[in-house]
Amino acid sequence: MEGEVVGRMKLGSQGLEVSQQGLGCMGMSAFYGPPKPESDMIALIHHAIDKGITFFDTSDIYGPFTNEILLGKALMGWREKVELATKFAISYQDGKADIRGDPEYVRAACEASLKRLQVDYIDLYYQHRVDTRVPIEVTVGELKKLVEEGKIKYIGLSEASASTIRRAHAVHPITAVQIEWSLWTRDVEEDIIPTCRELGIGIVPYSPLGRGFFSSGAKLVDNLTDNDFRKSLPRFQPENLEHNKHIFERVNEMAVRKGCTPSQLALAWVHHQGNDVCPIPGTTKIENLNQNIGALSVKLTAEELAELESLVSADAVKGDRYSGIYGRTWQDSETPELSSWKGE
């Protein structure tokens with residue numbers, strides 16, 4: 001496993017090719033405790049590239065802005081070897097968060113991200129959350145113009161419902177949908193995953209390790225700093241964690257039998273969901289990155305997949321995924337019909 005190099009895959013049906021596993025970069029700069037030392041993170045990113053991971057995921061809100069700046073520095077001289085994905089839509093003004101998908105904001109956000117990343121184009125540009133005041137057709141219409149101008153190559157959506165995905169795709173082909181999908185978040189399997197497959201859209205699962213839960217179980221919470229946003233998430237609250245820790249214990253028992261770590265088993269499960277699936281586990285440590293790559297070598301039979309899914313049945317987990325502004329998820333991402341849009 002140690003010498004393994006990550007292979008390549010096609011993401012979506014529009015021509016984008018990426019590494020079979022990406023790297024989520026959020027935790028390097030934001031939300032998971034204090035920002036990590038820049039030199040260490042640049043070394044980690046370069047190590048990832050050496051191992052064949054070329055698909056890097058960030059957003060303007062990570063920091064805000066500092067994660068894009070970090071990636072811009074780290075990828076200087078590597079531009080043609082990597083696929084850069086970033087996102088727009090969540091804006092902070094006077095300490096208040098807002099979600100915006102109006103054309104003026106889309107364009108301004110893209111221009112600002114290009115500057116911070118120090119690149120001429122973004123490979124995959126996602127709407128991070130859906131603005132429920134603006135028809136999705138209007139938002140994607142502006143993204144389409146950015147594609148025509150060469151500022152972005154491919155369009156993505158994050159946390160969008162099946163009907164929103166369909167409406168967006170009718171304006172311009174959507175290349176990828178980013179969605180939380182893991183052993184303990186399976187509600188997307190009913191509607192969103194089949195819709196993406198029907199339309200030839202790639203699937204990018206974020207938090208495939210349950211925000212670190214499948215690395216260490218309930219112990220994870222003991223090691224979180226006070227400003228780690230996971231401390232506020234419903235699933236990590238004591239009353240839910242007491243229940244959820246048994247899920248980790250069952251997965252860990254199976255991992256011991258398989259001769260891998262529980263996080264490798266959980267990540268291997270995501271990889272086994274299809275050749276149109278590219279998970280983007282995040283980490284700030286080289287040894288964890290190597291372990292995540294090792295998950296590609298964990299082969300699961302149909303019987304083992306079924307056993308794993310029975311250990312973590314879809315309704316086994318207690319607690320919602322989110323609270324607060326990030327709680328705007330695909331379940332409530334519907335936008336007004338285009339016919340009712342009067343513009344700003």
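Note that the structure is predicted; figures quoted are calculated from it, not measured.

Reading the values: rules and limits
Residues numbered from 1 in each chain as written. Predicted model: local features only at pLDDT ≥ 70, side-chain atom pairs only at ≥ 80, totals over all residues. Heavy atoms only, no water. Helix = DSSP H or I, 4+ residues; strand = E, 2+ residues; numbered from the N terminus. Rg over C-alpha atoms; globule rule 2.2 N^0.38 Å. Buried < 20%, exposed > 50% of the residue type's maximum accessible area, 1.4 Å probe, protein only. Contact = heavy atoms within 4.5 Å. Areas by Shrake-Rupley, 256 points an atom, 1.4 Å probe, with all protein chains shown as cover. Lys, Arg positive; Asp, Glu negative; His and termini not counted. Charge placed at Lys NZ, Arg CZ, Asp CG, Glu CD. Axes fitted to C-alpha atoms, helices over the stretch in contact; angles between N-to-C directions. Parallel < 35°, antiparallel > 145°, perpendicular 65-115°, else oblique. Left-handed = near helix turned anticlockwise from the far one by under 90°. Nonpolar A, V, L, I, M, F, W, Y, C, P; charged D, E, K, R; others polar. Pairing = 2+ DSSP bridges. UniProt positions renumbered as here; feature names shortened; annotations may be inferred. Core = buried A, V, L, I, M, F, W, Y, C linked by side-chain atoms within 4.5 Å. Salt bridge = Lys/Arg side-chain N within 4 Å of Asp/Glu carboxyl O. Right-handed = clockwise from strand over helix to strand, strands pointing away.

Engineer: What am I meant to see in the overall build of the chain here?
Structural biologist: The helix and strand inventory of the chain stands at 13 helices and 11 strands. Against the compact-globule benchmark of 20 Å for 344 residues, the chain has a radius of gyration of 19 Å, which places it among compact chains. Along the first, second and third principal axes, the C-alpha atoms of the chain reach 60 × 45 × 40 Å. Per-residue burial for the chain yields a buried fraction of 59% across its 344 residues. Counting only contacts in the chain whose residues sit at least 6 apart along the sequence, the fraction spanning at least 24 positions is 78%. For the chain, the accessible surface area stands at approximately 14000 Å², while carbon and sulfur atoms represent 51% of it. In the chain, the 38 positive side-chain charges and the 49 negative ones have mean positions that sit 2 Å from each other.

Engineer: Would you explain the packing of helix 6 (residues 162-171) against helix 7 (residues 192-199) in this entry?
Structural biologist: Their axes nearest at 9 Å, the elements helix 6 and helix 7 cross at an angle of 20°. Relative to helix 7, the element helix 6 is oriented roughly parallel. Relative to helix 7, helix 6 is oriented so that their crossing is right-handed. Seen from helix 6, the contacting residues are Ala162, Ile165, Arg166 and His169; seen from helix 7, they are Ile192, Thr195, Cys196, Glu198 and Leu199. Its residues assigned to classes, the contact of helix 6 with helix 7 shows five nonpolar, two polar and two charged.

Engineer: How should the sheet that holds strand 5 (residues 83-88) be read in this particular structure?
Structural biologist: What links the strands of a sheet is backbone hydrogen bonding, and the strands pair in either a parallel or an antiparallel sense. Spatially, the seven strands line up as an open sheet ordered 3-4-5-8-9-10-11, and their pairing is parallel. For this open sheet the edge positions go to strand 3 (23-24) and strand 11 (202-206), each flanked by a neighbour on one side alone. Pairing geometry for strand 8 (residues 122-127) and strand 9 (residues 152-158), over five bridges, is parallel. Bridged to Ile122 within strand 9 is Ile152. Its contacts with the sheet put helix 5 (residues 136-148) on strand 5, strand 8 and strand 9, and the angle it makes with strand 9 is roughly 155°.

Engineer: What is the right way to read the UniProt feature "domain: NADP-dependent oxidoreductase" (unreviewed entry) in the chain from this model?
Structural biologist: As annotated in UniProt, the feature "domain: NADP-dependent oxidoreductase" (unreviewed entry) corresponds to residues 25-311 in the numbering used here. From the first C-alpha to the last, residues 25-311 spans 30 Å; its make-up is 45% helix and 14% strand.

Engineer: Explain the nonpolar core here, please?
Structural biologist: Most often, soluble globular proteins have nonpolar side chains that are buried together. In terms of nonpolar packing, the biggest core is built from 97 residues, with Phe56, Ile152, Ile165 and Leu308 touching the most fellow members. Judged by nonpolar contacts, the second largest core, of 14 residues, contains Val18, Tyr126, Tyr154 and Cys278.

Engineer: Where do I start with the pattern of salt bridges in this structure?
Structural biologist: Once the charged atoms of two side chains with opposite charge are near each other, the side chains can pair. Enumeration according to the criterion identifies 27 salt bridges in this entry. With its nearest N and O atoms 3.4 Å apart, the salt bridge here joins Glu149 to Lys151. What makes Glu149 partly exposed here is its relative accessible area of 41%. The closest approach of N and O atoms between Arg186 and Glu309, which form a salt bridge, is 3.9 Å. Of this pair, Arg186 sits in the loop between strand 10 (176-180) and helix 7 while Glu309 sits in helix 13 (residues 302-311); the two residues are 123 residues apart in sequence, bridging distant segments of the chain. Taking the relative accessible area as the measure of exposure, Arg186 reaches 14% and is therefore buried. Each of Arg107, Glu111, Glu142, Lys145, Glu149 and Lys151 takes part in one network of salt bridges that share partners.

Engineer: When you look at the pairing of strand 6 (residues 90-93) in this model, what are you seeing that I'm missing?
Structural biologist: Two faces make up the sheet, and in a regular strand the side chains alternate between them. Note that strand 6 and strand 7 (residues 96-99) share four bridges and pair antiparallel. In the sheet register, Ser91 faces strand 7, and the bridge partner there is Asp98. Counting the residues in the hairpin turn of strand 6 and strand 7 gives two residues, including Asp94, whose phi is positive at 50°.

Engineer: Is there a simple way to think about the pairing of strand 8 in this case?
Structural biologist: The element strand 8 is largely enclosed, with a buried count of six among its six residues. Pairing of strand 5 with strand 8, which is carried by four bridges, proceeds in the parallel orientation. For Lys87, the partnering residue across the bridge sits in strand 8 and is Tyr126. The parallel pair strand 8 and strand 9 is bridged by helix 5, and the resulting crossover is right-handed.

Engineer: How should the environment of Glu287 be read in this particular structure?
Structural biologist: Note on placement: Glu287 falls in helix 12 (residues 286-294). A C-alpha to C-alpha distance of 23 Å links Glu287 and Gly72, two positions 215 residues apart in sequence.

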